[in-house]
Amino acid sequence: MGYRSTRQCVEDLRRNGHLVELDEPVSARLQVAEIQRRVFANGGPAVLFSNVTGCAFPMVSNLFGTIERARFIFRDTLESVRRAIEIKIDPGVAIRRPLRYWKAPLTALTMRPSRKRPGAVMQNETTISKLPQLQSWPDDGGSFVTLPQVYSEDVTAPGMHKSNLGMYRIQLAGNRYQTDREIGLHYQIHRSIGVHHARALAARKPFRVNVFVGGSPAMTLAAVMPLPEGMSELTFAGALAGHRIPMVTGPNRLPVYADADFCISGTVHPDRLLPEGPFGDHLGYYSLAHDYPVLQVEHVWHRNDAIWPFTVVGRPPQEDTIFGQLIHELTGPIIPTVLHGVHGVHAVDAAGVHPLLLAIGSERYSPWQALSAPQELLTQANAILGQGQLSLAKYLWIIDRAADPELDIHDTSKFLQRMLERVDWRRDLHFQTQTTIDTLDYSGTGVNSGSKLVIAAAGPAKRTLRHQLPAGLRLPDGFSSPAVCLPGVLAIGGPKFESNQANWWNELEPALRSTVPTDDFPLIVVVDNAEFCARSLNNFLWTVFTRSNPACDVYGVDSFVENKHWGSRGSLVIDARIKPHHAPPLIEDPETARFVDSFATRNIPLAKWLQ
């Protein structure tokens, strides 16, 4: 459906059984977020909160809460966008199969934004403090916008054709922001608004920013699409919305999305920074307070029938997981055309996306020779790490497709098993030290600072992985509760990490060397709670890859350095215990949990999804 507002989307979902309205009074502080987390976890509907205490605007969450609902929202355009992408990959396909692609010119017509005056979004003006003040986690630094569409242009080359529309979190209140006059902009490295900020700094000019909320769901998805730098997200949004995106333009005005439900308009002075955060983020921890740009608020507009859409992030999976699935459906086929020899890339959501990246590549070098070690895979790994946000990957595991031609890159358990059957720790570990990692990842040595590890595997299987604990396993004092996480992966509970604890590895390594056969368990992880880590695949992925920094936390039984290459003759060991510099994990507020528990016992439409 070519929705022109959030309300049109809400009413369509209601008519088709995809939305439930909650008219009980609830607070935007913690309560709506707790409800959203439970409804999403139980595969529930979108939720319209029509009675938000102290706020004139209704709120809606879980619009994209299932992949089926996301496809339903875009049911009229998703296939045409897929076909447009197919033509982008192979322009000749439209000539060979004209009946399949006859609508392609119509899709192309929707990709150019239109100019309009005036717009529905500018029907009313309000203030920041009258907007829904969403707080998702107890220790958040204030209220936030969690589904913003942040629009900016380059001060040196203004215009919609080179604009950026991104989803960067917005702090509405708290900390040192002047009420109703200032809000915080948090954007990380490898985000195009950062390029605009840098050019404004170089030009010694302020730059204008508009924050849209609501409107067509296509604008929300476009804001998270990994499009090439310099390509406007408005073009993708038009194709997905099924109509040209209307933008209100005028003298000395940054274009305003006419169909948005809300718009916050203001100016960023590039050298003005204030603390933003903390904020419960998608890795499952708080991102802490740091200095970020400030938007000087000049206007806050909203349409007559405005609804405030929001989501809640936290330890995955959450609603943003569905964004990732939908984006992969659309962009997955493009990967081999951009990264030659690479058949698939998967940023593992359960590990927080950037901490763990899986890839399937091809070994095509010297095909007349017997393959003895990964070769072209390393070239492909470097290419992957040179691509925009993929460059933030902390662990990249890449395998030769010939190892298992039917391997599904989204079957993380089987992928890791195929890797561990083949990997040779003496040669297949490739570190990058003192480099950039995700801003939200506190396992590194500082903000944006850490290391990367590429693990490449090719050739036939070298070992059969073990499913049971090794007989005769002996652990030194302080280490306990060994448990098998996956075939060939052993978790061991370790003592609480202390920064001055230098001897734990010297105590553990001899025990592992003598009692754990490398070919049975090529990978061992030391964690705070081995039973929790081994309880599920998601627990293993989240614990190990969000709590370790490769250059600091990877050890090897009988390790060595040869020609500056680090390797291990025995098992690889990852220390994934919580360290003093890590950010605290997210924990729900008990009082809020009890409040929502009470809803689950009452005769209300949402009760069955709140258990």
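Just above sits the structure.
So, here's what we can say about the structure. Predicted model only: the values in this text are computed from it and were never measured.

Structural notes on the overall build of the chain
At step 1: If you tally the helices and strands in the chain, you get 18 helices and 30 strands.
At step 2: Over its C-alpha atoms the chain spans a radius of gyration of 25 Å, differing by no more than 12% from the 25 Å that the globule rule assigns to 611 residues.
At step 3: For the chain, contacts bridging at least 24 residues in sequence account for 73% of all contacts bridging at least 6.
At step 4: Summed over all atoms, the accessible surface of the chain reaches about 24700 Å², with 51% contributed by carbon and sulfur.

With respect to the packing of helix 13 (residues 412-422) against helix 16 (residues 537-546)
At step 1: Across the interface, helix 13 lies against helix 16 with an axial gap of 11 Å and an inter-helix angle of 65°. In contact with Thr412, Ser413 and Leu416 of helix 13, helix 16 contributes Leu537, Phe540 and Leu541.
At step 2: Across the contact of helix 13 with helix 16, the residue classes tally to four nonpolar, two polar and no charged.

A word on the sheet that holds strand 12 (residues 246-250)
Within a sheet, adjacent strands bond to each other through the backbone by hydrogen bonds, running parallel or antiparallel.
At step 1: Taken in spatial order, the three strands of this open sheet run 4-12-13, and their pairing is mixed. Strands at the two margins of the open sheet, each flanked by one partner only, are strand 4 (114-116) and strand 13 (253-257). Within this sheet the neighbouring strands show an average axis-to-axis angle of 40°, counted without direction.

Some points on unusual backbone geometry
Excluding glycine, residues mostly carry a negative phi; peptide bonds, for their part, are mostly trans.
At step 1: Note the cis peptide between Gly277 and Pro278, where omega equals -5°.
At step 2: For Pro278, the location among the structural elements is in the loop between strand 14 (262-276) and strand 15 (279-280).
At step 3: The phi dihedral of Gln434 is positive, around 50°, even though this residue is not glycine.
At step 4: For Gln434, the position within the fold is in strand 22 (residues 429-436).

Overview of the packing of aromatic side chains
At step 1: The tally for this structure, following the rule as stated, stands at 19 aromatic pairs.
At step 2: Judged by centre distance (5.0 Å) and plane angle (80°), the rings of Tyr395 and Phe545 are edge-to-face. With Tyr395 in strand 21 (residues 395-400) and Phe545 in helix 16, the pair connects residues that are 150 residues apart, well separated along the chain. For the residue pair Tyr395 and Phe545, the accessibility class agrees, reading buried in each case.
At step 3: Grouping aromatic residues by their ring pairs yields a cluster made of Phe479, Trp504, Trp505 and Tyr555.
At step 4: Its end group placed over the ring of Phe72, Arg75 keeps NZ or CZ at 3.9 Å from the ring centre.
At step 5: For the cation-ring pair, Arg577 lies above Trp504, with the distance from its terminal atom to the ring centre recorded as 4.7 Å.

What to know about the sheet that holds strand 2 (residues 46-49)
At step 1: Taken in spatial order, the four strands make up an open sheet running 1-2-3-18, and their pairing is mixed. A single partner strand is all that each edge strand has here, and the edge strands are strand 1 (19-22) and strand 18 (308-310). Sheet twist, expressed as the mean angle between neighbouring strand axes with direction ignored, is 25°.
At step 2: The pairing of strand 2 with strand 3 (residues 59-61) spans three bridges and is antiparallel. If you follow Leu48 over to strand 3, its bridge partner there is Val60.

Considerations on the nonpolar core
At step 1: Residues Phe74, Phe212 and Phe236 are the most contacted members of the largest nonpolar core, which totals 53 residues.
At step 2: Considering every element that reaches this core, the biggest residue donor is helix 9 (residues 233-241), with six residues.
At step 3: Beyond its immediate chain neighbours, meaning those up to four positions away, Phe74 contacts Phe64, Pro217, Ala218, Leu221, Leu240 and Leu326.
At step 4: If you look at the next biggest cluster of nonpolar residues, it comprises 52 residues, including Ile170, Ile183, Ile264 and Val297.

A short note on helix 10 (residues 319-331)
Since one α-helical turn is 3.6 residues long, residues separated by three or four positions face the same way.
At step 1: In a regular helix each residue adds 1.5 Å, so 13 residues correspond to 18 Å; helix 10 covers 19 Å between its end C-alpha atoms and thus fits that length.
At step 2: For helix 10, the complete set of buried residues consists of Glu319, Thr321, Ile322, Phe323, Leu326, Ile327 and Leu330.

Examining the side chain of Lys579
At step 1: Looking at the secondary structure, you find Lys579 in the loop between strand 30 (572-575) and helix 18 (590-600).
At step 2: From its side chain, Lys579 meets the backbone oxygen of Arg547 in a polar contact 3.2 Å long.
At step 3: Setting aside chain neighbours within four positions, we find Lys579 in contact with Phe497, Arg547 and Asp553.

A word on the pattern of salt bridges
Two side chains that carry opposite charge are able to pair once their charged atoms sit near each other.
At step 1: Scanning the model with the defined rule gives 33 salt bridges in all.
At step 2: Between Arg208 and Glu298 there is a salt bridge, with its nearest N and O atoms 2.9 Å apart. One end of the pair, Arg208, is in strand 11 (residues 207-213); the other, Glu298, is in strand 17 (residues 290-302), and 90 residues separate them in sequence.
At step 3: Overall, the relative accessible area of 27% leaves Arg208 in the partly exposed class.
At step 4: We note a salt bridge from Asp558 to Arg513, for which the minimum N-O separation is 3.9 Å. With Asp558 in the loop between strand 27 (554-556) and strand 28 (559-562) and Arg513 in helix 14 (residues 504-515), this pair connects stretches of sequence that are 45 residues apart.
At step 5: Each of Glu34, Arg37, Arg38, Glu588 and Asp597 takes part in salt bridges that share partners, so that together they form one network.

Description of the environment of Thr445
At step 1: If you trace the backbone, Thr445 turns up in the loop between strand 22 and strand 23 (449-457).
At step 2: Residue class for Thr445 comes out exposed when judged on its relative accessible area of 63%.
At step 3: With sequence-adjacent residues up to four places away left out, Thr445 is seen in contact with Gly450, Asn549 and Cys552.

Definitions and cut-offs
Residues numbered from 1 in each chain as written. Predicted model: local features only at pLDDT ≥ 70, side-chain atom pairs only at ≥ 80, totals over all residues. Heavy atoms only, no water. Helix = DSSP H or I, 4+ residues; strand = E, 2+ residues; numbered from the N terminus. Rg over C-alpha atoms; globule rule 2.2 N^0.38 Å. Contact = heavy atoms within 4.5 Å. Areas by Shrake-Rupley, 256 points an atom, 1.4 Å probe, with all protein chains shown as cover. Axes fitted to C-alpha atoms, helices over the stretch in contact; angles between N-to-C directions. Nonpolar A, V, L, I, M, F, W, Y, C, P; charged D, E, K, R; others polar. Pairing = 2+ DSSP bridges. Phe/Tyr/Trp six-rings, centres within 6.5 Å; stacked < 30°, edge-to-face > 60°. Buried < 20%, exposed > 50% of the residue type's maximum accessible area, 1.4 Å probe, protein only. Lys NZ or Arg CZ within 6 Å of the ring centre and 35° of its normal. Core = buried A, V, L, I, M, F, W, Y, C linked by side-chain atoms within 4.5 Å. Expected span 1.5 Å × (residues − 1). Polar contact = N/O pair within 3.5 Å; in protein donor to acceptor, adjacent residues only side chain to side chain. Salt bridge = Lys/Arg side-chain N within 4 Å of Asp/Glu carboxyl O.

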